[in-house]
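Read off the chains here:
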Amino acid sequence: METSKIYEWDKGEYKVTTDPKKIDKKAVHSYLTRSTWAKGINIETVSSSIDNSLNFGLFHYEKQIGFARLITDYATFAYLCDVYVLEEYQGNKLSDFIMSCIQEHPVFNKVRRIMLFTLTAPWLYEKYGYEPVNRKNYAWTISRKNIYL
């Protein structure tokens, strides 16, 4: 599979793209640094995370208004993270739009396991087939809360 192929989806005046050249790293950083999961994150870390992921930028015309990324080996595993839509654009089904684009991407359909961690929008992910992992001794993590502060 060609990992550098660019995919784009349109929904009226909105667009989702995987084109890394179109991702506005400063806009992503601006949101993430005030998010509940990456509060205080620095621009260098955001930039590196974008450079090493499969990114989905959500745009209203030329303005980036949302984002999501898959950390993936492009073969067996993907981790969905940093999903957001700016507050002033919420309520327009744009989270559904970006999630459907992610699920249409060939990498998403190839990998055996897709994970995510969330406390903020389980209702969104349940609609797309995600289930909580609540089996004893199954999912393990090291979590460093407030690492960016």
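Below, the structure is looked at part by part. Model, not experiment: these values are computed from the prediction. (Residues numbered from 1 in each chain as written. Predicted model: local features only at pLDDT ≥ 70, side-chain atom pairs only at ≥ 80, totals over all residues. Heavy atoms only, no water.)

### Considering the overall build of the protein
When helices and strands are counted, the protein shows five helices and six strands. Starting at the N terminus and walking to the C terminus, you meet the elements of the protein as β-β-α-α-β-β-β-α-α-β-α. Taken against the 2.2 N^0.38 rule, which gives 15 Å for 149 residues, the C-alpha radius of gyration of the protein at 15 Å falls within 12% of a compact globule. Along the longest, intermediate and shortest principal axes, the C-alpha atoms of the protein span 45 × 35 × 30 Å. (Helix = DSSP H or I, 4+ residues; strand = E, 2+ residues; numbered from the N terminus. Rg over C-alpha atoms; globule rule 2.2 N^0.38 Å.)

### A look at unusual backbone geometry
Of note, the phi angle at tyrosine 61 is positive, near 55 degrees, even though the residue is not glycine. Counting through the fold element by element, tyrosine 61 comes out in the loop between β3 (54–60) and β4 (63–72). Residue classification places tyrosine 61 among the exposed positions, given a relative accessible area of 56%. (Buried < 20%, exposed > 50% of the residue type's maximum accessible area, 1.4 Å probe, protein only.)

### What about the side chain of glutamine 64?
Within the secondary structure, glutamine 64 is located in strand β4. A polar contact of 3.1 Å, which involves the side chain of glutamine 64, links it to the backbone oxygen of glycine 66. Residues within four places of glutamine 64 in sequence aside, it is in contact with Lys22, Ile23, Asp24, Ala27, Val28, Gly57, Leu58, Phe59, Tyr84 and Leu86. (Polar contact = N/O pair within 3.5 Å; in protein donor to acceptor, adjacent residues only side chain to side chain. Contact = heavy atoms within 4.5 Å.)

### A look at the packing of aromatic side chains
All chains considered together, the criterion is met by seven aromatic pairs. The interplanar angle of 20 degrees and the centroid separation of 6.3 Å between the aromatic rings of tyrosine 7 and tryptophan 9 together place this pair among those described as stacked. Its relative accessible area of 14% is what places tryptophan 9 among the buried residues. The interplanar angle of 5 degrees and the centroid separation of 4.0 Å between the aromatic rings of tyrosine 31 and tyrosine 84 together place this pair among those described as stacked. Of this pair, tyrosine 31 sits in helix α1 (residues 25–32) while tyrosine 84 sits in strand β5 (residues 77–85), placing them 53 residues apart in sequence. (Phe/Tyr/Trp six-rings, centres within 6.5 Å; stacked < 30°, edge-to-face > 60°.)

### Description of helix α2 (residues 43–51)
Residues separated by three or four positions in an α-helix point in the same direction, a consequence of the helix having 3.6 residues per turn. For α2, the set of buried residues is Val46, Ser47, Ser49 and Ile50. All buried residues of α2 project into a common sector of 165 degrees when viewed along the axis, lining one side. For α2, the exposed residues lying more than 90 degrees away from the buried face are Glu44 and Asp51. Regarding α2, its N-cap is asparagine 42, as a side-chain oxygen of that residue lies 3.1 Å from the backbone nitrogen of glutamate 44 further along. (Arc of directions from axis to C-beta.)

### Regarding the environment of serine 35
Tracing the chain through its elements places serine 35 in the loop between α1 and α2. On the basis of relative accessibility, which here comes to 4%, the residue serine 35 falls in the buried class. For the pair serine 35 and valine 16, spaced 19 residues apart in sequence, the C-alpha separation works out to 21 Å. A distance of 3.0 Å separates a polar atom in the side chain of serine 35 from the backbone nitrogen of alanine 38.

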